[in-house]
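What follows is the residue order along each chain.
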Amino acid sequence: MKSISLYVDKESFIHDFDPITKLLYILFALFLPLILLSFTVSFISVGVSIVLLMAAGVIRKTIPVFSFVFLVLITVVIIQGLFRPENETILFQIGPLAMYKEGLLYALTITLRVMNIVSAFLILVLTTKPSDLVETLVRKGMSPRIGYVIVSVFQIIPEMMASMSTITDAQRARGMETEGKLSVRMKAFLPLLGPVILGALINTKERALALEVRGFNSHVPKTYLYEEKTHALSKWVQAILLLLLVGAGVWRIFG
Amino acid sequence: MKKQSMWSLRLSTAALVLIPVAVGVNYIGKLLAQLLKLPLWLDSIGTVLAAMLGGPVVGALAGAINNIIYGFTDPISFVYAITSVAIGLVVGILFFKGYISSWGKAIVAGLIIGLVATVVSTPLNIGFWGGQTGNVWGDALFAYILANTDSTWLASLLDELVVDVPDKLLVVLISFGIFKGLPRNVVQLYKNNEKIETLD
């Protein structure tokens, strides 16, 4: 069964860092450009994230995500460049359409912001196994029940996709149309979705029983299957990230 | 039988296992909409259904977890978790107050939920995309309004409105239809009543 997470199983020093450090890095990459409000800082931040992604050996996996994001960003550049209300200075003209400086600068801000967020998140997503992330969060005090819920999604979705393809085949074998006009395709939606949902809901009963029998609701402190993995440098990295963030804040207020 | 408040945070095991199923249903709905090349997202059927079955708390949790999981395939989704939580909450409240009990009422509720989703999403769209939604039709309208008025907010609000309201309306109607078709023993499973806390 195909996994839905983007995690790439590899060996690299980025993979070795604990999820908390990576979460802190996201906060850092998110807030530093917001505090300092400078293009240079945003550029550097995006650059650092991309270098880290390359160091982790997962840069190829980022291409589908970035290409989807770029598709939207191109429309942002076009629309803001042409129509932004603050537009005044014409930068260049293509036929009857004029591209304005203000709109393009704003589009650049948006592009950098989105790139920055996406690349920082991708470091976490591509180099951390979802179950490791959840386990770390549970150690830090998240409810283990919620932890179970999150981990089990990764198990249930492939199951449901398998049952959906079975049902699609069965309905097609009975002669149901799934291609053609919009009205035909709309009509196909419910007979395909309904049985999957019903089956999944009925399964929850068994799952709930199985969990309760295994002491899901017991209040005894839970133990962990794996030992906690920490990198020797992670405390230092966390401290440096926090110091830089606080330093930037202080500089912004008093500088 | 004393009815427990819909805000109870003590979730039964059945209500908790409902959440991953809800996320799965969202995922399948979205996939199916893409497979059938429908022009809508239809990616919140699970959240709505979970809110109907388990109440606003389960709905909101399902919404939040849904977007956290989507975030693992598309990082921007993390941001829209707020919208999903709002959808789960509003559906749960409306349903448990009895405002989604017939097809007519479901239409009104669908419109309300579409409006709520629009109002919550618009500031997020402006903050992250300069006001666009990424949907072709909505963005064309966005460009048109931006060219003719000077309000990014109005353009962005309408951009989201034309996409979200039909989508959420259809999602609520589909979910209501599925809910009505569910066997009673399945519906009863998630009711958080003291009396039926034990399963079978």
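Residues numbered from 1 in each chain as written. Chains lettered and ligands numbered in written order. Predicted model: local features only at pLDDT ≥ 70, side-chain atom pairs only at ≥ 80, totals over all residues.

### Comments concerning the pairing of strand β2 (residues 97-100) of chain A
Short version of the rule: Think of it this way: DSSP has to see at least two bridges between two strands before they count as a pair. We count a stretch as a helix when DSSP gives it H or I for four or more residues in a row; a strand needs E for two or more, and each element gets its number in order from the N terminus.
Note: strand β1 (residues 90-94) of chain A against β2(A), four bridges, orientation antiparallel. Bridging across to β2(A), I94(A) finds its partner in L97(A).

### Some points on the packing of helix α8 (residues 182-213) of chain A against helix α1 (residues 13-35) of chain B
Threshold: Each axis is a line fitted through C-alpha atoms, and for a helix only the stretch in contact is used; angles between axes span 0 to 180 degrees, taken between their N-to-C directions. Roughly parallel here means an angle under 35 degrees, roughly antiparallel means over 145, roughly perpendicular means 65 to 115, and every remaining angle is called oblique. Note on convention: near helix rotated counterclockwise from far helix by under a right angle means a left-handed crossing. Clockwise means right-handed.
In the contact formed by α8(A) and α1(B), the axes pass within 9 Å of each other and the chain directions differ by 155°. Viewed along their axes, α8(A) and α1(B) adopt a mutual orientation that is roughly antiparallel. Note that α8(A) runs across α1(B); the crossing there is right-handed.

### A short note on the domain arrangement of chain A
Test applied: Start and end points for every domain follow an automatic or database-based domain assignment.
By the assigned domains, chain A splits into domain 1 (13-128 + 228-254) and domain 2 (136-213). The C-alpha-based centres of domain 1 of chain A and domain 2 of chain A are spaced at 35 Å.

### Description of unusual backbone geometry
Residue and element names in this part refer to chain B. Going by this rule: Burial is judged by counting the other C-beta atoms within 10 Å of a residue's own C-beta: 20 or more makes it buried, 12 or fewer makes it exposed, and any count in between marks it as partly exposed, with every C-beta position built from the backbone.
The phi angle at K37 is positive, at roughly 55°, despite the residue not being glycine. Relative to the helices and strands, K37 resides in the loop between α1 and α2 (45-54). Given 9 C-beta atoms within a 10 Å radius, K37 is considered exposed. A positive phi angle, close to 50°, is found at L42, a residue other than glycine. Its location among the elements puts L42 in the loop between α1 and α2. By C-beta crowding, L42 is classed as buried, having 22 other C-beta atoms within 10 Å.

### Concerning the interface of chain B and chain A
We count it as follows: Whether two residues are in contact is decided by their C-beta atoms, placed from the backbone, lying within 7 Å.
On the chain A side, the residues contacting the 47 residues of chain B number 56 residues. Only α1, α3 (56-70), α5 (103-129), α6 (136-148), α7 (152-181) and α8 (184-189) of chain B provide two or more residues apiece to the side of chain B that touches chain A. In terms of residues, the side of chain B that touches chain A owes the most to one element, α1(B), which gives 15 residues.

### So, α2(B)
Residues and elements named next belong to chain B. With 10 of 10 residues buried, α2 lies mostly within the body of the structure. Here α2 has its buried residues at I45, G46, T47, V48, L49, A50, A51, M52, L53 and G54. Those residues of α2 that are buried are in contact with α1, α3, α4 (81-96), α7 and α8. Taken from the residues just after α2, G55 is the one with a positive phi, measuring 100°.

### What about helix α2 (residues 19-36) of chain A?
All names here are of chain A. For the record, the criterion: In this scheme, a helix's expected span is set at 1.5 Å multiplied by one less than its residue total.
Helix length check: α2, at 18 residues, gives a terminal C-alpha distance of 26 Å against a target of 26 Å (1.5 Å per residue), a fit within 8%. Taken residue by residue, α2 has P19, K22, Y25, I26, F28, A29, L32 and P33 as its buried positions. For α2, the elements touching its buried residues are α3 (39-55), α5 (101-127), α6 (130-139) and α9 (234-254).

### Some details on the nonpolar core
Formally: As used here, a nonpolar core is made of buried Ala, Val, Leu, Ile, Met, Phe, Trp, Tyr and Cys residues. They are joined through C-beta atoms within 7 Å.
Formed by 113 residues in total, the largest nonpolar core has its most connected members in L18(B), I19(B) and V58(B). Among the elements that line this core, the one with the most residues is α5(A), at 15 residues. Here this core spans two domains, since at least three of its residues come from each of domain 1 (13-128 + 228-254) and domain 2 (136-213) of chain A. Residues within four places of L18(B) in sequence aside, it is in contact with T204(A), A50(B), L53(B), G54(B), V58(B) and Y190(B).

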